[in-house]
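Each chain, written out:
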Amino acid sequence: MKVEKINNDLFPVNVNDTYVKVTNTGNIVTITSCIRECKQTVQKVNADEYIIIDTGELKQYNHTERRIENIISLKQSMKHLRDIINTNCTNTRKCKFLTLTYRENMQDSKKLYIDVKNFHKRLRYFMKNITFNYISVIEPQGRGSFHVHEILIFDKPAPFIPNNKIEDIWRNGFTKISKIDNVNNIGTYLTAYLCDIPIEQARIKDIACLSDIKEVQVADDNGKMVNKHIVKGGRLKYYPRGMRFYRCSRGIKRPEVIKCPYSVAKDMVKDSVLTYEKTIKITDETNDTVLNIINYKQYNSKVKKE
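What comes next concerns the included structure. (Residues numbered from 1 in each chain as written. Predicted model: local features only at pLDDT ≥ 70, side-chain atom pairs only at ≥ 80, totals over all residues. Heavy atoms only, no water.)

## Some thoughts on the side chain of Thr92
Take Thr92: it is sitting in the loop between helix H1 (63-88) and strand S7 (95-102). Aside from chain neighbours lying at most four places away, what touches Thr92 is Ile180, Asp181, Val183 and Ile186. (Helix = DSSP H or I, 4+ residues; strand = E, 2+ residues; numbered from the N terminus. Contact = heavy atoms within 4.5 Å.)

Written out as C-alpha coordinates, the structure is:
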(Lines give C-alpha, C1' and ligand atoms only; values in the text may rest on other atoms or scores of the structure.)
Protein backbone atom coordinates (compact mmCIF):
# COMPACT_ATOMS: atom_id res chain seq x y z
CA MET A 1 0.00 0.00 0.00
CA LYS A 2 1.32 3.44 -0.98
CA VAL A 3 0.16 6.73 0.53
CA GLU A 4 0.88 10.04 -1.21
CA LYS A 5 -0.27 13.62 -0.74
CA ILE A 6 -2.07 15.03 -3.78
CA ASN A 7 -3.55 18.35 -4.86
CA ASN A 8 -6.78 19.15 -3.00
CA ASP A 9 -8.48 19.98 -6.32
CA LEU A 10 -8.21 16.31 -7.30
CA PHE A 11 -10.66 15.26 -4.58
CA PRO A 12 -14.18 14.70 -5.97
CA VAL A 13 -16.56 17.53 -5.07
CA ASN A 14 -18.50 16.71 -1.90
CA VAL A 15 -22.19 16.01 -2.43
CA ASN A 16 -24.47 17.32 0.31
CA ASP A 17 -25.92 13.90 1.21
CA THR A 18 -22.50 12.19 1.34
CA TYR A 19 -21.64 11.08 4.88
CA VAL A 20 -18.45 12.47 6.42
CA LYS A 21 -16.71 12.24 9.79
CA VAL A 22 -16.68 15.40 11.93
CA THR A 23 -14.21 15.66 14.81
CA ASN A 24 -15.10 18.50 17.17
CA THR A 25 -12.20 19.57 19.40
CA GLY A 26 -13.30 22.84 20.95
CA ASN A 27 -12.25 25.70 18.68
CA ILE A 28 -11.04 23.28 15.97
CA VAL A 29 -13.38 21.18 13.80
CA THR A 30 -12.05 18.66 11.24
CA ILE A 31 -14.19 17.25 8.42
CA THR A 32 -12.88 13.99 6.93
CA SER A 33 -14.29 12.86 3.57
CA CYS A 34 -13.50 9.61 1.69
CA ILE A 35 -14.41 8.34 -1.76
CA ARG A 36 -15.14 4.99 -0.10
CA GLU A 37 -15.60 3.80 3.47
CA CYS A 38 -12.27 3.10 5.18
CA LYS A 39 -11.89 -0.35 6.66
CA GLN A 40 -9.27 -2.19 8.66
CA THR A 41 -7.07 -4.42 6.48
CA VAL A 42 -4.87 -6.14 9.10
CA GLN A 43 -5.44 -7.36 12.65
CA LYS A 44 -2.56 -7.61 15.10
CA VAL A 45 -2.46 -10.98 16.91
CA ASN A 46 0.56 -10.47 19.16
CA ALA A 47 4.00 -8.84 19.13
CA ASP A 48 5.18 -11.23 16.39
CA GLU A 49 2.15 -11.99 14.20
CA TYR A 50 -0.73 -10.34 12.33
CA ILE A 51 -3.64 -11.48 10.13
CA ILE A 52 -4.62 -10.18 6.67
CA ILE A 53 -8.35 -9.72 7.25
CA ASP A 54 -9.50 -10.28 3.63
CA THR A 55 -7.62 -13.58 3.25
CA GLY A 56 -7.25 -14.79 6.85
CA GLU A 57 -3.53 -15.30 6.20
CA LEU A 58 -1.31 -15.28 9.29
CA LYS A 59 1.97 -13.43 8.82
CA GLN A 60 4.97 -12.58 10.96
CA TYR A 61 6.42 -9.12 11.48
CA ASN A 62 10.01 -8.59 10.49
CA HIS A 63 12.26 -6.00 12.11
CA THR A 64 11.59 -3.38 9.46
CA GLU A 65 7.81 -3.84 9.64
CA ARG A 66 7.91 -3.44 13.41
CA ARG A 67 9.83 -0.18 13.14
CA ILE A 68 7.43 1.18 10.51
CA GLU A 69 4.43 -0.05 12.51
CA ASN A 70 5.75 1.75 15.59
CA ILE A 71 6.05 5.07 13.71
CA ILE A 72 2.56 4.68 12.21
CA SER A 73 1.16 3.89 15.66
CA LEU A 74 2.95 6.92 17.13
CA LYS A 75 1.53 9.21 14.43
CA GLN A 76 -1.97 7.98 15.25
CA SER A 77 -1.35 8.52 18.96
CA MET A 78 -0.03 12.02 18.26
CA LYS A 79 -3.22 12.76 16.32
CA HIS A 80 -5.34 11.62 19.29
CA LEU A 81 -3.18 13.70 21.63
CA ARG A 82 -3.56 16.77 19.38
CA ASP A 83 -7.35 16.40 19.46
CA ILE A 84 -7.40 15.97 23.26
CA ILE A 85 -5.25 19.09 23.73
CA ASN A 86 -7.46 21.19 21.44
CA THR A 87 -10.63 19.92 23.15
CA ASN A 88 -9.41 21.05 26.56
CA CYS A 89 -7.21 24.08 25.80
CA THR A 90 -9.80 26.41 24.31
CA ASN A 91 -8.66 29.40 26.39
CA THR A 92 -4.88 29.86 26.71
CA ARG A 93 -5.36 32.21 29.69
CA LYS A 94 -6.50 29.16 31.66
CA CYS A 95 -3.47 27.05 30.69
CA LYS A 96 0.17 26.70 31.71
CA PHE A 97 2.77 24.87 29.62
CA LEU A 98 5.65 23.41 31.66
CA THR A 99 8.78 21.44 30.82
CA LEU A 100 10.20 19.21 33.56
CA THR A 101 13.82 18.15 33.05
CA TYR A 102 16.09 15.79 35.00
CA ARG A 103 19.57 16.68 36.20
CA GLU A 104 20.91 13.27 35.16
CA ASN A 105 20.51 11.29 31.95
CA MET A 106 17.24 9.65 33.05
CA GLN A 107 16.07 6.71 30.91
CA ASP A 108 13.77 4.84 33.31
CA SER A 109 10.19 5.45 32.12
CA LYS A 110 8.67 3.69 35.16
CA LYS A 111 10.56 5.95 37.56
CA LEU A 112 9.56 8.95 35.47
CA TYR A 113 5.86 8.01 35.82
CA ILE A 114 6.22 7.80 39.62
CA ASP A 115 8.09 11.13 39.76
CA VAL A 116 5.39 12.89 37.72
CA LYS A 117 2.63 11.37 39.88
CA ASN A 118 4.37 12.68 43.01
CA PHE A 119 4.86 16.08 41.35
CA HIS A 120 1.09 16.34 40.84
CA LYS A 121 0.44 15.43 44.49
CA ARG A 122 2.83 18.13 45.74
CA LEU A 123 1.47 20.68 43.27
CA ARG A 124 -2.13 20.06 44.38
CA TYR A 125 -1.06 20.42 48.01
CA PHE A 126 0.76 23.69 47.21
CA MET A 127 -2.26 25.17 45.40
CA LYS A 128 -4.74 23.83 48.00
CA ASN A 129 -8.20 25.01 46.87
CA ILE A 130 -7.21 25.70 43.23
CA THR A 131 -8.23 22.73 41.08
CA PHE A 132 -6.58 21.80 37.78
CA ASN A 133 -6.43 19.02 35.21
CA TYR A 134 -3.32 17.99 33.34
CA ILE A 135 -2.04 16.43 30.12
CA SER A 136 1.41 14.96 30.74
CA VAL A 137 3.64 13.94 27.82
CA ILE A 138 7.02 12.17 27.81
CA GLU A 139 9.49 13.40 25.21
CA PRO A 140 12.62 11.36 24.34
CA GLN A 141 15.91 13.07 23.49
CA GLY A 142 18.46 11.97 20.91
CA ARG A 143 20.85 10.85 23.66
CA GLY A 144 18.19 8.47 25.06
CA SER A 145 17.04 10.48 28.07
CA PHE A 146 13.48 11.61 28.81
CA HIS A 147 11.91 14.81 29.94
CA VAL A 148 8.28 15.77 30.48
CA HIS A 149 5.92 18.38 29.03
CA GLU A 150 2.89 19.31 31.09
CA ILE A 151 -0.21 21.30 30.21
CA LEU A 152 -2.03 22.43 33.34
CA ILE A 153 -5.65 23.47 32.70
CA PHE A 154 -7.59 25.55 35.23
CA ASP A 155 -11.27 26.51 35.53
CA LYS A 156 -10.26 30.16 35.91
CA PRO A 157 -7.29 32.20 34.57
CA ALA A 158 -4.14 30.30 35.47
CA PRO A 159 -2.54 31.49 38.73
CA PHE A 160 0.96 32.95 38.71
CA ILE A 161 3.55 30.45 39.98
CA PRO A 162 7.25 31.43 39.92
CA ASN A 163 9.44 29.03 37.96
CA ASN A 164 11.72 28.52 40.99
CA LYS A 165 8.67 27.32 42.95
CA ILE A 166 7.82 24.82 40.20
CA GLU A 167 11.43 23.57 40.43
CA ASP A 168 11.09 23.12 44.19
CA ILE A 169 7.92 21.09 43.69
CA TRP A 170 9.45 19.02 40.87
CA ARG A 171 12.61 18.21 42.94
CA ASN A 172 14.36 16.29 40.14
CA GLY A 173 16.10 19.01 38.14
CA PHE A 174 15.08 22.00 36.09
CA THR A 175 11.77 23.44 34.90
CA LYS A 176 10.61 25.98 32.33
CA ILE A 177 7.30 27.78 31.87
CA SER A 178 6.61 28.65 28.21
CA LYS A 179 4.10 31.14 26.83
CA ILE A 180 1.43 29.84 24.45
CA ASP A 181 -0.81 32.93 24.46
CA ASN A 182 -0.46 33.65 20.73
CA VAL A 183 -0.98 30.07 19.49
CA ASN A 184 -4.33 29.52 17.72
CA ASN A 185 -4.01 25.73 17.35
CA ILE A 186 -2.27 24.54 20.50
CA GLY A 187 -2.69 20.83 19.70
CA THR A 188 -0.92 21.08 16.34
CA TYR A 189 1.79 23.36 17.77
CA LEU A 190 2.63 21.07 20.69
CA THR A 191 2.42 17.73 18.85
CA ALA A 192 4.69 19.12 16.10
CA TYR A 193 7.05 20.05 18.94
CA LEU A 194 6.92 16.40 20.10
CA CYS A 195 7.37 14.88 16.60
CA ASP A 196 9.98 17.22 15.13
CA ILE A 197 13.48 17.74 16.47
CA PRO A 198 15.81 20.76 16.15
CA ILE A 199 18.47 19.99 13.59
CA GLU A 200 21.26 20.56 16.11
CA GLN A 201 19.84 17.74 18.29
CA ALA A 202 19.32 15.21 15.49
CA ARG A 203 21.68 12.38 14.64
CA ILE A 204 23.06 12.64 11.11
CA LYS A 205 22.17 9.00 10.33
CA ASP A 206 18.50 9.70 11.13
CA ILE A 207 18.17 12.36 8.42
CA ALA A 208 17.10 10.40 5.35
CA CYS A 209 17.20 13.30 2.87
CA LEU A 210 17.32 17.09 2.67
CA SER A 211 13.54 17.26 2.26
CA ASP A 212 13.26 16.11 5.90
CA ILE A 213 14.75 19.45 6.99
CA LYS A 214 12.23 22.28 7.28
CA GLU A 215 12.39 25.91 8.36
CA VAL A 216 9.50 26.70 10.67
CA GLN A 217 8.37 29.48 12.96
CA VAL A 218 8.30 28.61 16.66
CA ALA A 219 7.66 30.62 19.81
CA ASP A 220 10.70 31.39 21.96
CA ASP A 221 10.61 31.62 25.79
CA ASN A 222 9.01 35.08 25.56
CA GLY A 223 6.31 34.01 23.11
CA LYS A 224 8.00 35.73 20.13
CA MET A 225 7.91 33.79 16.85
CA VAL A 226 11.39 32.98 15.46
CA ASN A 227 12.67 30.91 12.51
CA LYS A 228 14.22 27.54 13.29
CA HIS A 229 15.43 24.52 11.27
CA ILE A 230 13.95 21.18 12.32
CA VAL A 231 13.97 17.56 11.10
CA LYS A 232 10.28 16.85 10.44
CA GLY A 233 9.14 13.75 12.34
CA GLY A 234 12.73 13.14 13.43
CA ARG A 235 11.92 12.58 17.09
CA LEU A 236 9.55 9.66 16.38
CA LYS A 237 12.55 7.36 15.94
CA TYR A 238 13.53 7.90 19.59
CA TYR A 239 10.27 6.71 21.16
CA PRO A 240 10.59 3.15 22.56
CA ARG A 241 8.22 0.63 21.00
CA GLY A 242 4.92 0.28 22.87
CA MET A 243 5.61 3.22 25.16
CA ARG A 244 2.62 4.96 26.73
CA PHE A 245 3.94 8.45 26.21
CA TYR A 246 1.04 10.59 27.47
CA ARG A 247 -1.36 10.50 30.41
CA CYS A 248 -4.35 12.65 31.34
CA SER A 249 -6.14 13.42 34.58
CA ARG A 250 -9.71 12.19 35.02
CA GLY A 251 -11.30 15.56 34.28
CA ILE A 252 -9.86 15.79 30.76
CA LYS A 253 -12.59 15.80 28.08
CA ARG A 254 -12.45 13.67 24.94
CA PRO A 255 -13.18 14.93 21.40
CA GLU A 256 -16.67 14.54 19.98
CA VAL A 257 -16.73 12.45 16.79
CA ILE A 258 -19.89 12.07 14.69
CA LYS A 259 -20.89 10.94 11.19
CA CYS A 260 -23.35 13.13 9.33
CA PRO A 261 -24.22 14.34 5.82
CA TYR A 262 -21.76 16.84 4.34
CA SER A 263 -24.50 19.51 4.27
CA VAL A 264 -24.86 19.23 8.08
CA ALA A 265 -21.08 19.37 8.54
CA LYS A 266 -20.84 22.53 6.40
CA ASP A 267 -23.51 24.18 8.54
CA MET A 268 -21.54 23.32 11.69
CA VAL A 269 -18.48 25.30 10.46
CA LYS A 270 -20.23 28.16 8.67
CA ASP A 271 -18.89 30.72 11.18
CA SER A 272 -15.34 29.27 11.23
CA VAL A 273 -12.34 29.80 8.95
CA LEU A 274 -10.79 27.02 6.86
CA THR A 275 -7.18 27.04 8.11
CA TYR A 276 -5.81 23.77 6.70
CA GLU A 277 -6.66 21.22 4.03
CA LYS A 278 -4.92 18.01 2.95
CA THR A 279 -5.79 15.23 0.49
CA ILE A 280 -4.09 11.84 0.34
CA LYS A 281 -4.37 9.04 -2.20
CA ILE A 282 -3.95 5.41 -1.16
CA THR A 283 -2.97 2.97 -3.89
CA ASP A 284 -2.04 -0.70 -4.17
CA GLU A 285 1.71 -0.84 -4.82
CA THR A 286 1.41 -3.94 -7.02
CA ASN A 287 -0.96 -2.58 -9.68
CA ASP A 288 -1.47 1.12 -8.83
CA THR A 289 -5.18 0.55 -8.15
CA VAL A 290 -6.65 3.49 -6.20
CA LEU A 291 -7.94 2.11 -2.91
CA ASN A 292 -9.13 5.41 -1.46
CA ILE A 293 -8.81 9.19 -1.58
CA ILE A 294 -9.24 11.01 1.72
CA ASN A 295 -9.69 14.75 2.23
CA TYR A 296 -9.20 16.58 5.54
CA LYS A 297 -10.53 20.10 6.12
CA GLN A 298 -9.72 21.88 9.38
CA TYR A 299 -11.71 24.91 10.58
CA ASN A 300 -10.84 27.26 13.44
CA SER A 301 -13.50 29.40 15.16
CA LYS A 302 -10.85 31.55 16.86
CA VAL A 303 -9.38 32.83 13.59
CA LYS A 304 -11.11 36.00 12.43
CA LYS A 305 -12.60 36.13 8.96
CA GLU A 306 -11.03 38.71 6.66
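The rest of the description comes next.
## A few points about the pattern of salt bridges
Side chains carrying opposite charge are able to pair once their charged atoms draw close together. Applying the stated criterion across every chain, the model contains six salt bridges. Lys281 is paired through a salt bridge with Glu4; the nearest N and O atoms lie 3.8 Å apart. Of the two residues, Lys281 is situated in strand S16 (residues 273-283) and Glu4 in strand S1 (residues 2-6); the sequence distance between them amounts to 277 residues. Classification of Lys281 by relative accessible area gives partly exposed; the value is 23%. The salt bridge partner of Lys297 is Glu277, with a shortest N-O separation of 3.4 Å. (Salt bridge = Lys/Arg side-chain N within 4 Å of Asp/Glu carboxyl O. Buried < 20%, exposed > 50% of the residue type's maximum accessible area, 1.4 Å probe, protein only.)

## What to know about the sheet that holds strand S14 (residues 246-248)
A sheet is described by the order of its strands in space; here five strands give the open sequence S10-S7-S9-S8-S14, paired in antiparallel fashion. Each edge of the open sheet is held by one strand with a lone partner, namely strand S10 (173-178) and S14. On average, adjacent strands in this sheet sit at an angle of 15° to one another, irrespective of strand direction. Where strand S8 (residues 132-140) lies against S14, three bridges are found, and the strand directions are antiparallel. Looking at the pairing, Val137 lines up with Tyr246 of S14. (Pairing = 2+ DSSP bridges. Axes fitted to C-alpha atoms, helices over the stretch in contact; angles between N-to-C directions.)

## Focus on a nonpolar patch on the surface
On the surface, a nonpolar cluster with roughly 290 Å² of combined accessible area is contributed by Met1, Val3 and Leu291. Note on placement: Met1 falls in the segment before S1. Note on Met1: relative accessible area 61%, which makes it exposed. (Patch = residues over 30% accessible without salt bridge, like charges linked within 9 Å, V, L, I, M, F, W, Y side chains within 5 Å. Areas by Shrake-Rupley, 256 points an atom, 1.4 Å probe, with all protein chains shown as cover.)

## Here we look at the side chain of Ser145
Tracing the sequence through the fold places Ser145 in the loop between S8 and strand S9 (146-154). Here Ser145 falls in the buried class, since its relative accessible area comes to 1%. In contact with Ser145, not counting residues within four places along its chain, are Asn105, Met106, Gln107, Glu139 and Pro140.

## Some thoughts on empty space enclosed by the protein
Under the defined criterion, the tally for this structure stands at two cavities of 30 Å³ or more. There is about 70 Å³ of room inside the largest cavity. In this structure, the largest cavity is lined by Asn27, Ile28, Asn86, Cys89, Thr90, Thr92, Val183, Asn184, Ile186 and Lys302. Roughly 60 Å³ of volume is contained in the second largest cavity. Taken together, Ile85, Phe97, Val137, His149, Ile151, Leu190, Tyr193 and Leu194 make up the lining of the second largest cavity. A class-by-class count of the residues in the lining of the second largest cavity yields seven nonpolar, one polar and no charged. (1 Å grid on protein atoms, 1.4 Å probe; cavity = no way out; pocket = protein on both sides within 12 Å on 5 of 7 lines; lining within 4 Å. Points joined across faces, edges and corners; volume = space filled by probe spheres on them. Nonpolar A, V, L, I, M, F, W, Y, C, P; charged D, E, K, R; others polar.)

Read these as geometric descriptors, not functional statements.
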